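Breakdown of the fold
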Amino acid sequence: MAPDTTLTASLKPGVVTGKDYETLVHACKAGRYALPAVNVTNTSTINATLEAAARNGADVILQLSNGGAQFYAGQGFPDGALAKVLGGVSAARHVHTMAEHYGVCVVLHTDHANKKLIPWVEGLMDHGEAFYRETGKPLFSSHMLDLSEEPIEENLAECERLLKRMQAIGMAIEIELGVTGGEEDGIGGEYDDSADNSKLYTQPEDVLQAFEQLRDIGFFSVAASFGNVHGVYKPGNVKLRPEILKNSQALVAERHGDGPNPLNLVFHGGSGSDKGQITETLDYGVFKFNIDTDTQFAFSEPVGKYVDEHSAAFKYQVDPQTDEPYKKFYDPRKWLRAAELGQATRLDEAFVDLNAKGRSLARG
Ligand SMILES: [Zn+2]
């Protein structure tokens, strides 16, 4: 048998796309580790993620939701739909400029786009194609299309249409089958674990159908639902059933004989998950682990602490008693830096949980 080159693969540091992205995904699955996919909204959340990846010797995935992209452009920008496109482009260009200098591989991704947000993805594609003509690389490694609320035929037909366009510039797609519970940036409904929750569990037959329709079109990953939920809630009635991932892999492998884990699986709603169950999903070909709620809290919590400790500096520019200037306390870099360090520390934990620490493929 030929040696498994995925275990010794090396890539140039920086944003990875096309075949390099495929190499990275295969290395994760072969090496039984996953990369945290961190939702970012500004330069601080991006830089804190790059800092954490670099100090852990790990590769990482950065992703923007439509709201995150809009925020990057400026919440006050008058045309919200345009802001979602331009903010995504601007954030991606920042990452392209910085990532290679942090010395790790970075995957650039966008998060849930439902039917209404297809024009957002197409707008990003217009810019991605222009960037490709300029640099030979797309802006993003992969876009997500979440049409899980539509009939599966419609979901897959749209994914196929957009994947054809994406693969022409070395991009991949992430699709969703079944519904991730809870809400992510306005997509998805209220989390109600007392209701009928059968849609929270993807059917392996649906995954097989997607595999058969998309595998010859381009590179794709699947967010399959196994009871995972966006956000962090009190423990409820929805149980994580990672065996759904295992059964989906087994069904596709049995029909198509493409190795033990033919599917590239994505774990949505990773925040607050049980560490044992995270580890179990690594056996079933999960290479991308979405984390948003936990890193949001880790970013904000130190700011609250900082404001508590220096509360006068957030009310007065000068100490009312001593006339001492408070500038060095209210300088936004001070509390934003505390936030960045909080987020990076949470990511230190994620890299260990996902078995990704020290496993960057970046060389040179
Ligand atoms: Zn999600």
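Keep in mind that this is a model prediction, so the values were computed, not measured.

Attention now moves to the overall build of the protein chain. A count of helices and strands for the protein chain gives 12 helices and 9 strands. Taking 364 residues into account, the globule formula puts the C-alpha radius of gyration at 21 Å, and the protein chain, at 21 Å, falls close to it. Structurally, the protein chain occupies a C-alpha span of about 75 × 50 × 45 Å along its principal axes. Taking all 364 residues of the protein chain together, 48% fall into the buried category. In the protein chain, the share of contacts with a sequence separation of at least 24, taken over all contacts with a separation of at least 6, comes to 71%.

Here we come to the packing of helix α4 (residues 80–102) against helix α5 (residues 118–135). Where α4 contacts α5, the axes come no closer than 9 Å and their chain directions differ by 45 degrees. In terms of orientation, α4 lies oblique with respect to α5. Classified by chirality, the crossing of α5 by α4 is right-handed. In this structure, α4 contributes K84, V85, G88 and V89 to the contact, and α5 contributes W120, G123, L124 and H127. A breakdown of the residues in the contact of α4 with α5 according to their chemical character gives 4 nonpolar, 3 polar and 1 charged.

Here we come to the pairing of strand β6 (residues 172–177). Burial within β6 is extensive, with 6 of its 6 residues counted as buried. Of the two faces of β6, the one holding A172, E174 and E176 and the one holding I173, I175 and L177 are both buried throughout. Note: β6 against strand β7 (residues 220–224), 5 bridges, orientation parallel. Paired with E176 across the strands is A223, a residue of β7.

Phi at D323 is positive, roughly 65 degrees, even though this residue is not glycine. Relative to the helices and strands, D323 resides in the loop between α10 (293–309) and α11 (327–330). Here D323 falls in the exposed class, since 7 other C-beta atoms lie within 10 Å of it. Of note in the backbone geometry, N355 takes a positive phi value of approximately 65 degrees without being a glycine. Within the element layout of this structure, N355 appears in the segment after α12 (332–353). Judged by the 17 C-beta atoms lying within 10 Å of it, N355 is partly exposed.

If a strand is regular, its side chains alternate between the two faces of the sheet. Taking burial as the measure, the 5 residues of strand β3 (residues 60–64) include 5 buried ones, the bulk of the element. Burial of β3 is two-sided: the residues V60, L62 and L64 facing one way and the residues I61 and Q63 facing the other way are all buried. Sheet analysis places strand β2 (residues 35–39) next to β3, joined by 3 bridges and oriented parallel. Among the inter-strand pairings, A37 is bridged to a residue of β3, identified as I61. Tracing the backbone out of β2, into helix α2 (residues 43–55) and back to the parallel element β3 gives a crossover that is right-handed.

The biggest cluster of nonpolar side chains holds 94 residues, and the ones touching the most others in it are L24, A34, L35, V106, V222 and V286. In terms of residues, this core owes the most to one element, α4, which gives 9 residues. Apart from residues no more than four positions distant in its own chain, L24 is found in contact with L11, V16, D59, C105, V107 and L361. Grouped together as the second largest cluster of nonpolar side chains are 5 residues, A298, F299, Y306 and A339 included.

This part is about helix α9 (residues 275–282). Restricting attention to buried positions, one finds in α9 the residues I278, T281 and L282. The buried residues of α9 occupy one face: seen down the axis, they fall within an arc of 110 degrees. The elements touched by buried residues of α9 are α8 (243–256), β8 (265–267), β9 (286–291) and α12.

Further remarks concern the packing of α10 against α12. At a minimum axis separation of 7 Å, α10 and α12 run at an interaxial angle of 140 degrees. Overall, the two elements α10 and α12 adopt an arrangement that is oblique. Of the two elements, α10 crosses α12, and the hand of that crossing is right-handed. Counted together, D294, T295, A298, F299, S300, E301, P302, V303 and Y306 of α10 and W335, A338, A339, L341, G342, Q343, T345, R346 and L347 of α12 form the full contact between these two elements. Taken together, the residues of the contact of α10 with α12 break down into 10 nonpolar, 5 polar and 3 charged.

Let us now look at α12. Here α12 is 22 residues long and its end C-alpha atoms lie 32 Å apart, about the 32 Å a rise of 1.5 Å per residue gives. When α12 is considered as a whole, its buried residues turn out to be W335, A339, E340, G342, Q343, A344, R346, L347, A350, F351 and D353. Residue N355 follows α12 closely and has a positive phi angle near 65 degrees.

Parameters at a glance
Each chain has its residues counted from 1, running along the sequence as written. Given that the model is predicted, a residue must reach a pLDDT of at least 70 before its local features are reported, and side-chain atom pairs must reach 80 or more before they are shown or counted; all residues, however, enter totals for whole chains, interfaces and linings. By the criteria applied, helices consist of DSSP H or I runs no shorter than four residues and strands consist of E runs no shorter than two, each listed in order from the N terminus. In this description the radius of gyration comes from C-alpha coordinates, and the expected globular size is given by 2.2 Å times residues to the power 0.38. Note on burial: count the other C-beta atoms lying within 10 Å of the residue's C-beta; 20 or more is buried, 12 or fewer is exposed, in between is partly exposed, and C-beta positions come from the backbone. Residue pairs are scored as contacts if the distance between their C-beta atoms, which are placed from the backbone, is within 7 Å. Structural elements are reduced to axes, namely lines fitted to C-alpha atoms, with helices fitted over the stretch in contact, and the angle between N-to-C directions of any two is expressed from 0 to 180 degrees. For classification purposes, angles smaller than 35 degrees are called roughly parallel, those larger than 145 roughly antiparallel, those between 65 and 115 roughly perpendicular, and all remaining angles oblique. The handedness criterion is simple: a crossing whose near helix is rotated anticlockwise from the far helix by less than a right angle is left-handed, and one whose near helix is rotated clockwise is right-handed. Polar here means any residue other than Ala, Val, Leu, Ile, Met, Phe, Trp, Tyr, Cys and Pro, which are nonpolar, and Asp, Glu, Lys and Arg, which are charged; Gly is therefore polar. Any two strands with at least two DSSP-identified bridges between them are counted as paired. By convention, orient the strands away from the viewer: a clockwise path from the first strand over the helix to the second makes the crossover right-handed. Under the definition applied here, buried Ala, Val, Leu, Ile, Met, Phe, Trp, Tyr and Cys residues are grouped into a nonpolar core through C-beta atoms within 7 Å. The arc in question is the one traced by the directions running from the helix axis out to the C-beta atoms. By definition here, a helix of n residues has an expected span of 1.5 Å times n minus one.

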